[in-house]
Amino acid sequence: MTEQAEEKKDWLLKELIEKSQQVANLKGFKVDWDSTPTYLMLIVTELSEAMEKWRDDQKEGFKEEIADAFIRLFHMVGDLGLKEEMVKSILGKLKYNETRPYRHGRTRL
Ligand SMILES: [Mg+2]
């Protein structure tokens, strides 16, 4: 991957975090370290909603709930001041995962 492509990924992730944070804050949602568990559970709630959409074969609804989960995650890391570190972590983990064995060496999912 070229350096330019790497920078573009970095930029896009930062934009998603900043926009998610900005909109959530404007709507009265603010995450701090003490409220983090509540926001983590709200993310789980979005994933549960996605599960329900999947059960009903509702692909549009499924995509919306997954988008909600990403937005909540981006908002949370933004509010916690982890934007730069998270972008590095995500890109670093993706690179690391490429080096791992099939199913990460496990027999089952
Ligand atoms: Mg939702």
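Residues numbered from 1 in each chain as written. Predicted model: local features only at pLDDT ≥ 70, side-chain atom pairs only at ≥ 80, totals over all residues.

Colleague: Explanation requested: the environment of I66 in the structure shown.
Modeller: Inspection of the secondary structure assignment puts I66 in helix α3 (residues 59-79). Residues I66 and E46, 20 residues apart in the sequence, show an inter-C-alpha distance of 6.9 Å. (Helix = DSSP H or I, 4+ residues; strand = E, 2+ residues; numbered from the N terminus.)

Colleague: Looking at this structure, I do not really get the packing of helix α1 (residues 3-26) against helix α4 (residues 83-99). What am I missing?
Modeller: A pair of packed helices is captured by two measures, namely the crossing angle of their axes and the spacing between those axes. Packing of α1 against α4 brings their axes to within 10 Å, and their N-to-C directions diverge by 130°. With respect to α4, the axis of α1 lies oblique. Relative to α4, α1 is oriented so that their crossing is right-handed. For the pair α1 and α4, the contacting residues are K9, D10, L13, K14 and I17 in the first and K83, V87, I90 and L91 in the second. (Axes fitted to C-alpha atoms, helices over the stretch in contact; angles between N-to-C directions. Parallel < 35°, antiparallel > 145°, perpendicular 65-115°, else oblique. Left-handed = near helix turned anticlockwise from the far one by under 90°. Contact = placed C-beta atoms within 7 Å.)

Colleague: I'm lost on helix α2 (residues 36-55) in this one. Help?
Modeller: Because an α-helix completes one turn every 3.6 residues, residues spaced three or four positions apart along the sequence face the same direction. With 20 residues, α2 should cover 28 Å at 1.5 Å per step; its first-to-last C-alpha distance of 29 Å lies within 8% of that length. D57 lies just past α2 and shows a positive phi near 55°. (Expected span 1.5 Å × (residues − 1).)

Colleague: Please explain α3 as it appears in this structure.
Modeller: With 21 residues, α3 should cover 30 Å at 1.5 Å per step; its first-to-last C-alpha distance of 30 Å lies within 8% of that length. All buried positions along α3 are accounted for by E65, R72, F74, H75, M76, V77, G78 and D79. The inward-facing, buried residues of α3 contact α1, α2 and α4. Count one or two residues on from α3 and you reach G81, which has phi positive near 75°. (Buried ≥ 20, exposed ≤ 12 C-beta atoms within 10 Å, placed from the backbone.)

Colleague: Before we go on, may I ask you to explain the environment of I17 in this structure?
Modeller: Residue position: I17 is located in helix α1. On the basis of neighbour count, I17 is assigned to the buried category, with 23 C-beta atoms found within 10 Å. Linking I17 and Q58, residues 41 residues apart in sequence, is a C-alpha distance of 27 Å. Discounting residues that sit within four places of it in the chain, I17 has contacts with F74, V77, G78 and K83.

Colleague: So what exactly am I meant to see when it comes to the packing of α2 against α3 here?
Modeller: Taken N-terminus to C-terminus, the directions of α2 and α3 make an angle of 170°; their axes are 7 Å apart at the nearest point. On the basis of the axis angle, α2 is roughly antiparallel to α3. α2 and α3 meet at a crossing whose hand is left-handed. Counting all contacts with α2, which are made through T36, Y39, L42, I43, E46, L47, E49, A50, K53 and W54, the residues of α3 involved are G61, F62, E65, I66, D68, A69, R72, L73 and M76. Looking at the contact of α2 with α3 residue by residue, the class counts come to 11 nonpolar, two polar and six charged. (Nonpolar A, V, L, I, M, F, W, Y, C, P; charged D, E, K, R; others polar.)

Colleague: Looking at this model, I keep getting lost on the nonpolar core. Mind explaining?
Modeller: Inside soluble globular proteins, nonpolar side chains tend to come together where they are buried. If you look at the biggest cluster of nonpolar residues, it comprises six residues: I17, V31, Y39, F74, M76 and V77. When residues in this core are grouped by element, the largest group, three residues, is from α3. Aside from chain neighbours lying at most four places away, what touches Y39 is V31, R72 and M76. (Core = buried A, V, L, I, M, F, W, Y, C linked by C-beta atoms within 7 Å.)

Colleague: What should I look at first to understand the environment of L40 in this one?
Modeller: Checked against the element boundaries, L40 lands in helix α2. A residue is classified by how many C-beta atoms lie within 10 Å of it, and L40, with 14 of them, is partly exposed.

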